[in-house]
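This is what each chain is made of:
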Amino acid sequence: MLTSLGGVLFDGFAYGMLLFLLSVGLSVTLGMMNFINLAHGSFGMLGGYVTVTLMDRLGWPFLATLPAAFVAAAALSVVLERLLFRHSYRAGELDQVLLTIGVVFMSVASAAYIWGTVQQPVQLPDYFTGSFTFLGVNFAYYRLFLIGTALVVTLLLVAGLEWTRFGAQVRAAVDNQRMARGLGINVNLAFAITFALGSGLAGLGGSLAIAMVGLDPDFAFAYLVYVLIVVSVGGLASIGGSFAAATVLGISDIAGKYYFPALGSFLIYLVMVGVLMWRPAGLFGKR
Amino acid sequence: MATQIAVTGAVLAARGLDKSFGSLVVASGIDFELPQGARYALIGPNGAGKTTLINLMTGMLRPDRGQIFLGGEAVTALGPAARVKRGLVRTFQINALFPHLSALEAVALAVCERQGHGGIWWRRLPDYRAAVEEAHAILASLHLADDCYRLTHELAYGQQRLLEIALALATKPKVLLLDEPAAGVPRDESGALFGVISGLSRDITVLFIEHDMDVVFRFASRILVMVGGRILVEGSPDQISADPRVREVYLGQKRHG
Amino acid sequence: MASAAAPHAYLQQQARWHWVEIVFWLSTLLPFVLFPQYLQLASQIAITALFALSLDLILGYAGVVSLGHAAFFGLGAYTAGILSKFYWGEPLSLLVAGALVAGLVGYATSWIIAYFRHLALIMITLGLGLLLYEAANSASWLTGGADGLQGVRIRPLLDYFNFDLYGRTAYTYSLIVLFLAFLVTRRIIHSPFGLSLRGIRENPVRMPAIGAPSRAHIRKIYTIAAVMAGIAGALIAETTETVSLETLSFQRSADVLVILILGGAGRLYGGIVGAIIYMVARDQFSGVNPQFWYFWIGLLLVAVVMFLPNGILGGLARFTESWRRRSR
Ligand SMILES: Nc1ncnc2c1ncn2[C@@H]1O[C@H](COP(=O)(O)OP(=O)(O)O)[C@@H](O)[C@H]1O
Ligand SMILES: [Mg+2]
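Residues numbered from 1 in each chain as written. Chains lettered and ligands numbered in written order. Predicted model: local features only at pLDDT ≥ 70, side-chain atom pairs only at ≥ 80, totals over all residues. Heavy atoms only, no water.

Engineer: Would you take a moment to explain the packing of helix H13 (residues 250-263) of chain C against helix H16 (residues 311-327) of chain C for this structure?
Structural biologist: The relative placement of two packed helices comes down to the angle between their axes together with the axis-to-axis distance. Residues and elements named next belong to chain C. It is the contact of H13 with H16, at a shortest axis distance of 3 Å, that shows an interaxial angle of 5°. Regarding the angle of H13 to H16, the classification is roughly parallel. Residues Ile 261, Leu 262 and Gly 263 of H13 form the contact with H16, whose own contacting residues are Gly 311, Ile 312 and Leu 313. In the contact of H13 with H16, the residues fall into four nonpolar, two polar and no charged. (Axes fitted to C-alpha atoms, helices over the stretch in contact; angles between N-to-C directions. Helix = DSSP H or I, 4+ residues; strand = E, 2+ residues; numbered from the N terminus. Parallel < 35°, antiparallel > 145°, perpendicular 65-115°, else oblique. Contact = heavy atoms within 4.5 Å. Nonpolar A, V, L, I, M, F, W, Y, C, P; charged D, E, K, R; others polar.)

Engineer: Can you walk me through the confidence of the model for chain C in this structure?
Structural biologist: As a note on interpretation, predicted positions should not be read in detail where pLDDT is low. With 97% of its residues at a pLDDT of 70 or more, chain C has an overall mean of 89. Quick note on the complex model: pTM equals 0.90, ipTM equals 0.88. (pLDDT = per-residue confidence, 0-100.)

Engineer: Explanation requested: the pairing of strand E4 (residues 65-70) of chain B in the structure shown.
Structural biologist: Put simply, side chains in a regular strand alternate between the two faces of the sheet. All names here are of chain B. As paired strands, strand E1 (residues 10-21) and E4 are joined by five bridges and run antiparallel to one another. Within the sheet, the bridge partner assigned to Leu 12 lies in E4 and is Leu 70. In the sheet, E4 pairs with strand E5 (residues 73-74) via two bridges, with the strands oriented antiparallel. Of the residues in E5, the one forming a bridge with Leu 70 is Glu 73. Here E4 hands over to E5 after two residues, with Gly 71 in that stretch at a positive phi of 60°. (Pairing = 2+ DSSP bridges.)

Engineer: I tried to follow the environment of Asp 18 of chain B on my own but got confused; where do I start?
Structural biologist: All names here are of chain B. Its place among the elements puts Asp 18 in strand E1. Relative accessible area serves as the criterion here: at 18%, Asp 18 is assigned to the buried category. Reaching out from Asp 18, the side chain makes a polar contact with the backbone nitrogen of Gly 29 at a distance of 2.6 Å. (Buried < 20%, exposed > 50% of the residue type's maximum accessible area, 1.4 Å probe, protein only. Polar contact = N/O pair within 3.5 Å; in protein donor to acceptor, adjacent residues only side chain to side chain.)

Engineer: Is there a simple way to think about the coordination of the magnesium ion (ligand 2) in this case?
Structural biologist: Each angle at a metal carrying four tetrahedral donors should ideally be 109.5 degrees, and each at a metal carrying six octahedral donors should ideally be 90 or 180 degrees. Residue and element names in this part refer to chain B. Here the magnesium ion (ligand 2) is held by the protein donor atoms Thr 51 (OG1) and Gln 93 (OE1), which lie 2.0 to 2.2 Å from it. Of this pair, Thr 51 sits in helix H1 (residues 50-58) while Gln 93 sits in the loop between strand E6 (88-90) and helix H3 (103-115), and the two are 42 residues apart along the sequence. Thr 51 sits in the partly exposed class, given a relative accessible area of 27%. (Donors = N, O, S within 2.8 Å, 3.2 Å for Na, K, Ca; no water.)

Engineer: So what exactly am I meant to see when it comes to the state of the cysteines here?
Structural biologist: Each disulfide is one covalent bond, formed between the sulfur atoms of two cysteines. Residues and elements named next belong to chain B. Summed over the entire model, instances satisfying the criterion amount to zero disulfides over all chains. Sulfur of Cys 112: no disulfide; nearest cysteine sulfur belongs to Cys 148 and is 15 Å away. Here Cys 112 falls in the buried class, since its relative accessible area comes to 2%. (Disulfide = S-S within 2.5 Å.)

Engineer: Help me understand the sheet that holds strand E7 (residues 175-178) of chain B in this model?
Structural biologist: Hydrogen bonds between backbone groups are what pair the strands of a sheet, and the pairing can be parallel or antiparallel. Residues and elements named next belong to chain B. With mixed pairing, six strands are arranged side by side in an open sheet as E6-E7-E8-E3-E9-E10. Every other strand in the sheet has two partners, leaving E6 and strand E10 (230-235) as the edge strands with one partner each. Looking at each pair of strands side by side, their axes are set apart by 20° on average, direction ignored. One ladder, built from four bridges, connects E7 with strand E8 (residues 205-209); its direction is parallel. Pairing of Leu 177 across the sheet is with Leu 207, part of E8.

Engineer: Is there a simple way to think about a nonpolar patch on the surface in this case?
Structural biologist: Residues and elements named next belong to chain C. There is a patch of nonpolar side chains on the surface, built from Trp 17, Ile 22, Leu 26, Leu 29, Ile 176, Leu 180 and Leu 183 and spanning about 640 Å² of accessible area. Those elements giving two or more residues to the nonpolar patch turn out to be helix H2 (19-27) and helix H9 (168-189). Topologically, Leu 180 is positioned in helix H9. (Patch = residues over 30% accessible without salt bridge, like charges linked within 9 Å, V, L, I, M, F, W, Y side chains within 5 Å. Areas by Shrake-Rupley, 256 points an atom, 1.4 Å probe, with all protein chains shown as cover. Salt bridge = Lys/Arg side-chain N within 4 Å of Asp/Glu carboxyl O.)

Engineer: Would you explain the interface of chain B and chain C in this entry?
Structural biologist: It is common to give the size of an interface as the accessible area lost on bringing the parts into contact. Taken together, the contacts link 42 residues of chain B with 35 residues of chain C. Taken together, the two surfaces of chain B and chain C that pack against each other cover about 3400 Å², and 66% of this comes from carbon and sulfur. Our count for the chain B to chain C interface comes out at two salt bridges. Here Glu 164 of chain B ties to Arg 206 of chain C by a salt bridge, and the two come within 2.7 Å at their closest N and O atoms. Run the count over chain B and chain C and you get 15 residue pairs in polar contact (both at pLDDT 80 or more). Of all elements in the fold, only helix H2 (80-85), E6, H3, helix H4 (129-141) and helix H5 (157-169) of chain B reach the threshold of two or more residues within the side of chain B that touches chain C. Counting residues per element, the side of chain B that touches chain C draws most heavily on H3 of chain B, at seven residues. (Buried area = accessible area lost by both parts, 1.4 Å probe.)

Structure (structure tokens):
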């Protein structure tokens, strides 16, 4: 029982880190522009397929595909932002929802067309396949790597937001967009960059996700729901909030499936609705 | 809590209203009374907290401290709609209209809500002939009858300002708080607009915010001057124009909009 | 011209049936003669149209965005399906039961819905929908879970008209129910309540400032819409004699949104027109490449938002308006 608890905690934390990478970008961009981007999960999916393709077709090593996944998702997000999304910042949330759901539909169908609907296999390098046991808990190397990556990303994000000029601009825009514009900050540019970075992180999360949760065209929708839960519980534009929410969600999801398999994801959705009703801006949100 | 303070003769009174946004104090120790049938002007430089005061009075914001009395009765705990039902009604500095309703529909909406038909879904709107005709009469009294079938967003800006007032009148207000009714209206038209306002029945007590001093002195019987979230002075137009503190505020701050 | 008419007469004029509407409803009878082999599809279209009409009431008229409207559709479907399996299969009473259950849940959740707007509202409707989906999935002893509900048995309509293979009864039945619901909707739209709903959509901030109880209005219309969606769900259970989890899915909520937006929200006929186009197109294309269907839907959605913000009917209205002006 105790060992299984340790295992659940470890696996849940690793899973939570995955969810964090997938969702932190949406949290920040939502906080900045109030732009509801339901296509965020699609960028994660793209990252996954980039990794699979580079490894299978071009024989790239796994680690080398990770930056490529980041760049591909970031690049595509810039194209979409300039081409489509920026036209709907001022429109209501309905237009944003429709526009981005349209993008999700297209991405899912395209993935099914190009890669088929089957689960994509990924062959992890040997040094990731093993695990060691400590105090009766099984630590898989790959999950440790995942956790390490997520922690590094978190540190970089927090440091970047706190100590760089760009980070200060982003914080100002989140705080009060009008005032930021008044101060001469180019909010649109800052947003475009943030959007690209956030989508890139989702792409990175997507490629790291394959070995843990698999990859098929459903990914864009299935993980969108998790991403939205993290964002709504964690609060907008709060990196710490996203981190905490993703951790709790990851652990409770794994624990729920382990201890109450019959309930499926029911508990998670219940918690999400409950939190939203209690605090619509999320547990850690300011607004 | 503060009980029924005797506010004889006052239809609307504020007692010790405080409000801050974070560290920004926008209302502090606000006290005033509007006697029945009065025509008050509320003036003060931009950012003085005039709109915030209207928000507090009408329940769109909650005060941090203080009480609001309508007809001697505390309404501080009531929501905006409940205050409107008791006759405390406002207009907006920035048009808050229904862009894709016709002017007639918009005013008929307000009339129907006042008469309690707003939840009726099994009868048609034109069956409420009296309500529709009342809406039309209100529009006619504001010179909007000819354009009453046009969509609100198609109306000229000056007409939209009038429609702001029409919506408020449709609720049969006892106290009407007008937030810069002539905001954005050319100077030569604002006289006509205030002509309409001064022609309102004396059953309606009016407080209006306005920056144009000629207009203020012409139409207000008394003036409240607000600066930095406080009421600096209250007095008759003559007292106010002679008051050195007011002069200082207005000489130090020529531009206000 | 217009200003010459008395105001209530003018409004009466606005609410009157247009000849195009009468032609439209008469033409819904055409499938009986022209496409007798497609009556099953026609009945599915009528049911989808009813579902879209119910969404129009909250989204198109009151401006309440929901990403979980399938919850009520699925509730109606499962209520009718489960009752028919375990108790009785009389279709009209099942319809009432589906409406009742969906309406009750709609009323209960409307207390939540009315308090939120924007992002929180979208997430809450999405979350409630997912919650119900998972609940139905978990309660497989009752719902059949992912395999769908088996053993739905429906008695003949009025104990006389069998639900035949060609869908004659199904289409007649669905069309009559759709038409009745349409009449109710039309009445709501032209009522003082309908005007208040449009007021909420146009400016939710102003409504309390004219003394309108917006939240009570939203609760009411949300419940009415849930009832209508429940009826649509019960109809689908009765005419297909199956209920799958898909009736509760996010996909179903998104589909009906697409249908309504495609046709034109807030235009009474938008849901119906959207349903006809969407269902016919799906029937035509799905044979070719089923998994790619959603690519075109996605593209369509993006195109509608970017270029046809008021849907097909909105575009048509603008076209006829400018054409009329030119010919004047
Ligand atoms: N919702 C709000 N949040 C934060 N500050 C506000 C808010 N509303 C108004 N303010 C600030 O309060 C001050 C008073 O504003 P306002 O009442 O609109 O002034 P006035 O109407 O006299 O021009 C301004 O500095 C304004 O920026
Ligand atoms: Mg102001």
